[in-house]
Amino acid sequence: MRDEQQGEAPFAADAREETLRREALIWEQMHDGVMITDLVGNITGWNPAAELMFGYSAAEILGRKPSILRGDSDNDFLTRRVLEEVDRQGRWSGE
C-alpha cells in the first residue's frame with residue numbers, strides 16, 4: 001500500500017528514517033573530526049570531534065570559511081597542513 005501524499009510505501013519511509021537516525025548517531029559519535037563544505041567553501045557540517053580538534057563549536061563555525069582555522073603560531077602547523085591539502089585535493093585524511 002502506498003502513502004498517497006508521499007508517493008511511497010510506508011515501510012520505505014520508515015527504513016529511510018531509521019537510516020537517517022543511524023547516520024546522525026555515527027556523525028555525533030565518530031572520533032574523527034569531520035568538516036563539510038558547500039561548493040563555494042562555506043562550512044556546512046562540523047561534528048563534535050572537529051569541535052575538540054579545532055576548539056570551535058558548530059555554532060561558531062557553520063557558515064564560515066575553513067581559513068578561519070589558520071593561525072599565526074608555529075603550533076598551528078597541522079592545521080595549516082590540513083587546510084593546504086583541502087585546498088589542493090578537496091579533502092584531507094591523516095592523523
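Predicted model, so just to flag it, every value in this text is computed and none were measured. All chains use their own residue numbering, which begins from 1 and follows the written sequence. For this predicted model, a pLDDT threshold of at least 70 governs which residues receive local features, and a threshold of 80 or more governs which side-chain atom pairs are given and counted, while totals over whole chains, interfaces and linings are taken from all residues. Each side-chain value is derived from all of the structure's non-hydrogen atoms; neither hydrogens nor water enter the calculation.

## Some details on the pairing of strand β2 (residues 43–46)
Thinking step 1. Note: strand β1 (residues 35–37) against β2, three bridges, orientation antiparallel. Its bridge partner lying in β2, Met 35 is registered against Trp 46.
Thinking step 2. In short, DSSP must find at least two bridges between two strands for them to pair. A run of H or I in DSSP counts as a helix once it spans at least four residues, and a run of E counts as a strand once it spans at least two, with each numbered from the N terminus. Connecting β1 to the antiparallel partner β2 that follows it, the hairpin turn spans five residues, and Gly 41 within it adopts a positive phi of roughly 95°.

## Comments concerning the pattern of salt bridges
Thinking step 1. Take a side-chain nitrogen of Lys or Arg and a carboxyl oxygen of Asp or Glu: if they are within 4 Å of each other, that pair is a salt bridge. Inspection of every chain in the model, using the stated rule, returns three salt bridges.
Thinking step 2. Taking the shortest distance from any N to any O, the salt bridge between Glu 18 and Arg 21 comes out at 3.1 Å. Residue Glu 18 and its partner Arg 21 are located together in helix α1 (residues 10–29), separated by three residues, close to a single helical turn.
Thinking step 3. Here the residues in one salt-bridge network are Glu 17, Glu 18 and Arg 21, joined through shared partners.

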